[in-house]
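Examination of the molecular architecture
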Amino acid sequence: MEFKVNDISQSEREVEVTLSYDEIRSEIEGEVKKEASKIQVPGFRKGKVPKQIIKQRFGDTLEFEASEKVANSRFWQLAKENNLRPIGQPVMTDLDFNIEKDFKFKVKYEVLPEIDVKDYTGQLIEVPDLNVKPEDVEKEIDNLLRSNSSQEEADAIGDDDNFLLDVELTRMDESGQPVANSKPEKMQIDLSNENVHPDIKANSRGKKVGEKFKFHFHDERMVTNKEGQEEKVVEHFDYEVLILGIKKIVLPELNEDLIKKATKDKLSTEAELRTEIEKNIQNYYDQRADEFTRNRLISLIITKNDFTPPSFMVASILDEMVKSEEERLKKEGMKKVDTKYLREYLHPSALNEVKWFQLKTEIQKKENLEVTDKELEDLAAKDAEKTGLPVDKLINYYKSSNQDERMLDKKLFDFLKENNEIKKVNPEKFSQKQKEEKE
C-alpha cells in the first residue's frame, strides 16, 4: 500500500491511497459474498444463486459497492495507524477501482489545526472608564419616586413635565389640512418620558382639555436604492394634537416610610439609599467594563492568531446558535423566521467562537493553567458550610455542571488581564473610536 497526505488548509487534509488488487482481494470477495447471500432469484434458494448467474444479472456492481466499503475501512485503519486524527465526517472525493488491477481512492478530512499561539501578552487594551455620575443616582431616585407616584385630574398643563396627556393625533399635509385617507390616532403621552419630542413638551405648555397644539419632526435614515447604493432619505411629519384629558403625576416625598418600603426594610435614610444606589450602579459598570475587556482581548488574540478552523465545528456551533435564536424569536411572537438570514448573520460569531475555543485551549496548555482537585475541594468545602450539602456531592455536581471549566476560564482571563496593559479611556472617546472602527 502507498499513501500520501496533502495539506489543503490549516484544518483540511486529503489522503491519496494506492493498493494492489491482491492486497484487497480477500476483503472484496468477502463483501461480495456477504451481499450475494442476500440476493434471491426465482428457482434458487436465497443465498444459493450460482456466481455466474449473479454475474450475468449484476455485472461488476457488487464489486464496486464492495470497493467503497473496503476504501472506508482502509481509511480508518490508515488513520489509526498513522495518527491522522480526523474529526467530523471524512468525504470520499475519488474512487478508482479496476478489478484484478489496482485500487486508488482519495479521502478529504478535517483536523484540529496546530497553532503556535502568540502575541497574547504585552498588548494594549483600551476599555471605557465607567464611573457613577450624580445624574445616574438622581435618575434612579426619580424612577423610584415615579414607580410610587399617584395621578390626579388637572385642568391645564403646568411648567414641569409631570403630566400624562390623553390625545388625538392628526397628521397634516403641507397646506395645513389632514392628510388624505389618514385617520386620527388616540394615544397617551407621558411628558416626563425623556424620549418625547421636545416640541411636544414646549408646545403643550399651558394648554387645557379641548385645546390643540402642533408639532413637527423629520426622520432621517439610510436606504439602499435601485442601484444598490446607500442614500439618505429624509421624511417630514406635521401633526395637530387635540387634548382629550390631562392628569398630573404626583410624586411622593422621599421619606423613611418610602425608603423602607422600596428596600424591604434594609435601608431607612436617604443617605443610605443614595450610597446603595451608587454602589449598585458602579457594580453594573464594573461588570460592563469587564465584558469590554474580555471581548477586546478575545478579538485582539484572534486577530493576532487568525487561522481557518474546521468547518465541521463551525457548522455545529452555527446550528446551535440558529436553533436558539429561532426559539427566542418565536417566543417573542415572530411567526415566520428567516433561517437563511440568521445563518448568514450568525456565521461570523460561530466562526470566532470556534477560533477562540482552540486558541484559549492552546494558551491554557502553554501557560500550564488548570483547575486542580484541591481547588475544587476547597470550593466545595466553602459551599458546604453555606448549603449544608456534603462535600463529595458538591464536587460531583461541579464536574457534571462544568464548574471546573468556568473556573479555568476565569483563571485564563485573570492571567490575560495581569499580562496585558488595560488602559481606561473616556467613555465618549471609546464609543467614538468603536464607531470609527466599524466604519
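Residues numbered from 1 in each chain as written. Predicted model: local features only at pLDDT ≥ 70, side-chain atom pairs only at ≥ 80, totals over all residues. Heavy atoms only, no water.

**Notes on helix H6 (residues 256-263)**
Within H6, the full set of buried residues consists of Leu258, Ile259 and Thr263. Take H6 and look down its axis: the buried residues cluster within an arc of 115 degrees, on one side only. Away from the buried face of H6 by more than 90 degrees, exposed residues Asp257 and Lys261 are located. In this fold, the buried residues of H6 make contact with helix H4 (134-147) and helix H7 (270-304). Measuring from the side-chain oxygen of the N-cap residue of H6 to the backbone nitrogen of Asp257 gives 3.3 Å; that N-cap residue is Asn255. Positive phi shows up at Lys264, right after H6, with a value of about 55 degrees. (Buried < 20%, exposed > 50% of the residue type's maximum accessible area, 1.4 Å probe, protein only. Helix = DSSP H or I, 4+ residues; strand = E, 2+ residues; numbered from the N terminus. Arc of directions from axis to C-beta. Contact = heavy atoms within 4.5 Å. Polar contact = N/O pair within 3.5 Å; in protein donor to acceptor, adjacent residues only side chain to side chain.)

**So, helix H11 (residues 391-400)**
Those residues of H11 that sit buried are Leu394, Ile395 and Tyr398. The buried side chains of H11 occupy one side of the element, clustering within an arc of 100 degrees when seen end-on. Counted as exposed and oriented over 90 degrees from the buried face of H11: Lys393, Asn396, Tyr397 and Ser400. Residues of H11 that are buried sit in contact with helix H10 (373-387) and helix H12 (403-418). Asn402 sits one or two positions beyond H11 and adopts a positive phi of about 60 degrees.

**Notes on the sheet that holds strand S1 (residues 2-7)**
The strand order S1-S2-S4-S3 describes an open sheet built from 4 strands, whose pairing is antiparallel. The open sheet terminates on both sides in strands that have one partner only, identified here as S1 and strand S3 (87-97). Averaged over all adjacent pairs, the angle separating strand axes in this sheet is 20 degrees, with direction ignored. Summarising the sheet, S3 and strand S4 (residues 102-110) pair through 7 bridges and their orientation is antiparallel. Opposite Phe97, over in S4, you have Phe103 as the bridge partner. Packing against the sheet, helix H3 (residues 61-81) makes contact with S1, strand S2 (12-20), S3 and S4, and its axis sits at approximately 135 degrees to S3. (Pairing = 2+ DSSP bridges. Axes fitted to C-alpha atoms, helices over the stretch in contact; angles between N-to-C directions.)

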